Amino acid sequence: MSYLFPTYNKWPIKVKEAFGTSLIDEHGKKYLDFVAGIAVCNLGHCHPYVNEMMINQLNKVSHVSNLFHIDGQEEVAKALTSNSSGDAVFFCNSGTEANEAAIKLVRKATGKKKIITFYQSFHGRTMGSLSATGQDKIHQGFAPLLDGFSYVPFNNSKALNEAVNEDVAAIMLEVIQGEGGVHGASAEFIETINQLKEKYNLLVVVDEVQTGIGRTGKAFGYQHYNLSPDIITVAKGLGNGFPVGGLIGKAKLIESFGPGSHGSTFGGNPLAMAAANATLQTIFQDSFLKDVEEKSNYFISKLTEVLKDSEVVKEIRGKGFILGIECNQDVSSFIVALRDKGLLVLNAGPNVLRLLPPLTVTYEELDLAISLISNTLNVKLVESK
Ligand SMILES: *Cc1c(COP(=O)(O)O)cnc(C)c1O
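Bear in mind that the values here come from a model prediction, so they are computed numbers and not experimental data.

Student: Is there a simple way to think about the sheet that holds strand β7 (residues 168–173) in this case?
Tutor: Backbone-to-backbone hydrogen bonds pair the strands of a sheet. The strands run either parallel or antiparallel. Spatially, β4-β12-β11-β10-β7-β5-β6 is the arrangement adopted by the 7 strands of the open sheet, whose pairing is mixed. Two strands bound the open sheet, and with one partner strand each, they are β4 (88–92) and β6 (149–152). Adjacent strand axes in the sheet meet at a mean angle of 20 degrees, parallel and antiparallel pairs treated alike. Both strand β11 (residues 231–234) and strand β12 (residues 245–249) contribute to a ladder of 4 bridges, which runs antiparallel. Across the sheet, the residue bridging to Val234 is Gly246, located in β12.

Rendered as structure tokens:
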């Protein structure tokens, strides 16, 4: 008997301890963690500097509310804006809240309610964000949805051109769809978005909840493209495990979020800011991001080599350390097999294995993962009936 709502299909593992890329379960079994709390622990578990900054802050003051000035907020906001196209930050506690803030800001700033999002996108589970999400299974049972969203096929410039007109307030996208199968936007599709932005003066919102904070090898995933978003939302990796989210917006939007327009009791509290500050000081360094890119290139090329004759693997894709291995079949049995061998990975849709190791993963750990994945995926294709 559990005292919890059964909203999650949980894995049969109880984690007792974690450090870096390693998880230790209650029986002492060690796992290589290529899930990282779902793209959250970008600096690995129990990162010494993040822990030290949080413990110091905990012993001074952990919460006061946004009635007070909080130095840490200015520091984190400076790091986020000086590494992106944005100029000001609103702090909240999660990805879905960051996207709710984005939806509100879009409506307030434009006076319009129509927002274009994409099929297979994922923006969160609260009413606004789930309405923005272009997946039926996320909507099921929760009607009526928030009004104003239209879904368009991702990477389809023709469909997007047809969907956009003067009534559209914003286009909202993930530059790499995370939950939806690790699908990256094409450069041509981003160009279409830029043309539509120019023509209709609409806002571009990039949901960087999964792709931000160094995950793709750049500070933000959109920086792989020629794109200057008006609004960027972040969460997952921002606090390396401490819950914190944020909306980063351009200067022209600042007056739309004036006093009383939006708020959050916990948003940007001193403890959250200590975690975010330590995280950003470490990740937003050219040398750190370059190292992520190099390790990722090594990993992808090795993986491609060992899987080239696999009958089940269709494609390897992604950037930095948000990687997908698309298979010809459902991947649940592979996830279990890898877990038994000591490697934790996720899925992204039924046929895609998703790898999200901490960005601090070592070459030795990558080599171990490559051999476990190779052993598991170099199997005969199961005939589908
Ligand atoms: C995880 C995720 C969210 C939701 O974040 P929560 O913190 O779970 O609310 C939103 N958008 C994207 C792209 C995500 O990956």
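Student: Help me understand the layout of surface pockets, please; the structure alone is not making it clear to me.
Tutor: One number sums up the size of the second largest pocket: a volume of about 710 Å³. Around the second largest pocket, the lining is made up of 25 residues, and of these Gln73, Val89, Phe90, Phe91 and Phe257 lie nearest the centre. At the level of secondary structure, the elements contributing two or more residues to the lining of the second largest pocket comprise α3 (71–82), β4 and β12. Among the residues forming the lining of the second largest pocket, the class breakdown is 13 nonpolar, 9 polar and 3 charged.

Student: Can you help me understand the UniProt feature "binding site: N(2)-acetyl-L-ornithine" (unreviewed entry) in the protein in this one?
Tutor: On the UniProt side, "binding site: N(2)-acetyl-L-ornithine" (unreviewed entry) is annotated at positions that read Arg125 and Ser264 here. By secondary structure assignment, the location of Arg125 is in the loop between β5 (114–118) and α5 (127–132). The class for Arg125 is exposed, based on a relative accessible area of 58%. Discounting chain neighbours no more than four positions away, the residues touching Arg125 are Thr96, Leu130 and Ile138. Considering the arrangement of structural elements, one finds Ser264 in the loop between β12 and α9 (270–283). If we ignore the near neighbours within four places in the chain, the residues touching Ser264 are Asn66, Phe90, Phe91, Cys92, Asn93 and Glu97.

Student: Got a minute to help me understand the packing of α3 against α9 in this structure?
Tutor: For any two helices packed against each other, one specifies the inter-axial angle together with the distance between the axes. Relative to each other, α3 and α9 sit at 35 degrees, their axes nearing to 9 Å. Read as a crossing pair, α3 and α9 show a hand that is left-handed. Side by side, α3 and α9 meet where Gly72, Gln73, Glu75, Val76, Ala79 and Leu80 of the first sit next to Met273, Ala276, Asn277, Leu280 and Gln281 of the second. For the contact of α3 with α9, the per-class residue count stands at 6 nonpolar, 4 polar and 1 charged.

Reading guide: rules and limits
- Residues numbered from 1 in each chain as written.
- Predicted model: local features only at pLDDT ≥ 70, side-chain atom pairs only at ≥ 80, totals over all residues.
- Heavy atoms only, no water.
- Pairing = 2+ DSSP bridges.
- Helix = DSSP H or I, 4+ residues; strand = E, 2+ residues; numbered from the N terminus.
- Axes fitted to C-alpha atoms, helices over the stretch in contact; angles between N-to-C directions.
- 1 Å grid on protein atoms, 1.4 Å probe; cavity = no way out; pocket = protein on both sides within 12 Å on 5 of 7 lines; lining within 4 Å.
- Points joined across faces, edges and corners; volume = space filled by probe spheres on them.
- Nonpolar A, V, L, I, M, F, W, Y, C, P; charged D, E, K, R; others polar.
- UniProt positions renumbered as here; feature names shortened; annotations may be inferred.
- Buried < 20%, exposed > 50% of the residue type's maximum accessible area, 1.4 Å probe, protein only.
- Contact = heavy atoms within 4.5 Å.
- Left-handed = near helix turned anticlockwise from the far one by under 90°.

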